[in-house]
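Take a look at the letters that make up each chain.
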Amino acid sequence: QIVKKVFTDLANKDNYPMYLHCTHGADRTGVLVYLIQGMLGVSEEDMMNEYRLTAFYSSSYISNENINVVVSALNYYEGDTINEKVENYLVNFVGVTEEEIEAIRNILLE
């Protein structure tokens, strides 16, 4: 699964610097960035504001339809905040380990 592979790669400090990109940032890459930010503790408001920047490229993304599907799906996971839901999704569905999450946090938040 590609999401697991990305998070495994992010957990390995030898893979840095890393470049994550796409054309619009609203589909696969936008969702990955949303999940990374959620795992790092970024506020839900800031996560959505970051995602909305996609609309600067194409007004067809102004509705947030793509990310709203993701957010709705995350609501099925336990947690009081979007950050807790993202972490539970990553661990319980994707298979990211707690050790990988901690490694990513240590790398990206240092």
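Looking at helix 3 (residues 44-52)
Phase 1: When we look at burial in helix 3, the residues that qualify are Met-47, Met-48 and Tyr-51. For helix 3, the angular spread of the buried residues around the axis is 95°, confining them to a single face.

A short note on the confidence of the model for the protein chain
Phase 1: Confidence in the prediction for the protein chain averages 88 pLDDT; 86% of positions are at 70 or higher.
Phase 2: Per-element mean pLDDT across the protein chain ranges from 84 in helix 4 (residues 65-74) up to 98 in helix 6 (residues 98-108).

Observations concerning the pattern of salt bridges
Phase 1: All chains considered together, the criterion is met by 4 salt bridges.
Phase 2: For Glu-100, the salt bridge identified is with Lys-4, shortest N-O distance 2.8 Å. Of this pair, Glu-100 sits in helix 6 while Lys-4 sits in helix 1 (residues 2-10); the two residues are 96 residues apart in sequence, bridging distant segments of the chain.
Phase 3: Given a relative accessible area of 13%, Glu-100 falls into the buried group.
Phase 4: A salt bridge links Lys-5 to Asp-9, with the nearest nitrogen and oxygen atoms 3.0 Å apart.

As for the packing of aromatic side chains
Phase 1: Per the counting criterion, the structure on display carries 2 aromatic pairs.
Phase 2: A centroid spacing of 5.5 Å and a plane angle of 80° characterise the contact between Tyr-77 and Tyr-89, whose relative ring orientation is edge-to-face. Here Tyr-77, found in the loop between helix 4 and helix 5 (82-94), pairs with Tyr-89, found in helix 5; they are 12 residues apart in sequence, far enough to count as distant.
Phase 3: When the ring of Tyr-89 is compared with that of Phe-93, the centres are 5.6 Å apart and the planes differ by 20°; the resulting orientation is stacked. Here Phe-93 and Tyr-89 lie together in helix 5, a separation of 4 residues that amounts to about one turn.
Phase 4: Ring pairs connect the aromatic residues Tyr-77, Tyr-89 and Phe-93, which therefore count as one cluster.

Parameters and conventions
Residues numbered from 1 in each chain as written. Predicted model: local features only at pLDDT ≥ 70, side-chain atom pairs only at ≥ 80, totals over all residues. Heavy atoms only, no water. Buried < 20%, exposed > 50% of the residue type's maximum accessible area, 1.4 Å probe, protein only. Helix = DSSP H or I, 4+ residues; strand = E, 2+ residues; numbered from the N terminus. Arc of directions from axis to C-beta. pLDDT = per-residue confidence, 0-100. Salt bridge = Lys/Arg side-chain N within 4 Å of Asp/Glu carboxyl O. Phe/Tyr/Trp six-rings, centres within 6.5 Å; stacked < 30°, edge-to-face > 60°.

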